[in-house]
Amino acid sequence: MFNFFKKAKKSEGTKVVSPVTGDLIPLAEVNDDVFSQKMLGDGFAVKPSEGEVVSPISGTISTLFPTKHAIGVKTPEGLEVLIHLGLDTVELKGEPFDVQVAQGDSVKAGQKLADMDLKKITDSGLDDTVMVVYTNMDLLKEVKDVDPKPVKAGDTAQEIIFN
């Protein structure tokens, strides 16, 4: 006999992947108060060694800044995830970024979103650190700490637990 009324299994954490290859660091170590003090929300950062940028989570491209320095992904649960490419890179007016998605596109975790020219960013005297921030924290029960370590784009970087 089939039991159609099985209790739903308690939700496990959701894995969030690194958007770039490089060194994973806690958001608190980012050299910018807005990110390090988590004014926009919690998350993590990666000091990139390669410029390919992938989606850290599955969802829909909700925001694409005209200056291409930041991309927003909204998950099916409604979580808004900001991928911020470098610090103060808005000043570069999109120059070092080649974005390959459009607002409204569905993306899977690990799917390529863009390329960033790391040399162009650092030659401009700017920091190329990539931040991943959960901007509507009220949907999350817990954001697990990250262990600083080398990661490849698409590797699990952090675990989040929804309310």
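About the criteria used
Residues numbered from 1 in each chain as written. Predicted model: local features only at pLDDT ≥ 70, side-chain atom pairs only at ≥ 80, totals over all residues. Heavy atoms only, no water. Pairing = 2+ DSSP bridges. Helix = DSSP H or I, 4+ residues; strand = E, 2+ residues; numbered from the N terminus. Buried < 20%, exposed > 50% of the residue type's maximum accessible area, 1.4 Å probe, protein only. Polar contact = N/O pair within 3.5 Å; in protein donor to acceptor, adjacent residues only side chain to side chain. Contact = heavy atoms within 4.5 Å. Patch = residues over 30% accessible without salt bridge, like charges linked within 9 Å, V, L, I, M, F, W, Y side chains within 5 Å. Areas by Shrake-Rupley, 256 points an atom, 1.4 Å probe, with all protein chains shown as cover. Salt bridge = Lys/Arg side-chain N within 4 Å of Asp/Glu carboxyl O.

K.L.:
Help me understand the pairing of strand E2 (residues 22-26) in this model?
P.N.:
A regular strand places its side chains on the two faces of the sheet in alternate fashion. Relative to strand E3 (residues 42-48), E2 runs antiparallel, the two being bridged by five bridges. Considered in E3, the bridge of Gly22 is made with Pro48. Direction of pairing for E2 relative to strand E13 (residues 149-151): antiparallel, over a ladder of three bridges. What sits directly across from Leu24, in E13, is Lys149.

K.L.:
What am I meant to see in the side chain of Thr89 here?
P.N.:
Mapped onto the elements, Thr89 comes out in the loop between strand E7 (80-87) and strand E8 (97-99). Given a relative accessible area of 0%, Thr89 falls into the buried group. Looking at Thr89, its side chain comes within polar contact range of the main-chain oxygen of Leu85, at 2.6 Å. The residues contacting Thr89, other than those within four sequence positions of it, are His69, Phe97, Ile121, Leu126 and Asp127.

K.L.:
Help me out: how do you make sense of the pairing of strand E11 (residues 127-134) in this one?
P.N.:
With seven of eight residues buried, E11 is to be regarded as a mostly interior element. Note that E7 and E11 share six bridges and pair antiparallel. Directly across from Leu85, in E11, lies its bridge partner Val130.

K.L.:
Sorry, what's going on with unusual backbone geometry here?
P.N.:
Leaving glycine out, the prevailing phi sign among residues is negative, and the prevailing peptide bond configuration is trans. With a phi angle near 60°, Asp88 is a residue other than glycine that sits in the positive phi range. You can see Asp88 is positioned in the loop between E7 and E8. Residue Asp88 is classed as partly exposed on the basis of its relative accessible area of 44%. One non-glycine residue, Lys93, adopts positive backbone phi at about 50°. Secondary-structure assignment places Lys93 in the loop between E7 and E8.

K.L.:
Help me out: how do you make sense of the environment of Val16 in this one?
P.N.:
Along the polypeptide, Val16 turns up in strand E1 (residues 14-17). In the structure, Val16 is positioned 141 residues away from Ala157 in sequence and 5.9 Å away in space, judged by C-alpha atoms. Look past the residues within four positions of Val16 in its chain and what remains in contact with it is Phe44, Pro56, Ile57, Val132, Tyr134, Asp155, Thr156, Ala157, Gln158 and Ile160.

K.L.:
What is the right way to read a nonpolar patch on the surface from this model?
P.N.:
A surface patch of nonpolar side chains, about 250 Å² in accessible area, is lined by Val34, Met39 and Leu40. Inspection of the secondary structure assignment puts Met39 in the loop between helix H1 (33-36) and E3. Take Met39: its relative accessible area is 52%, and that puts it in the exposed class.

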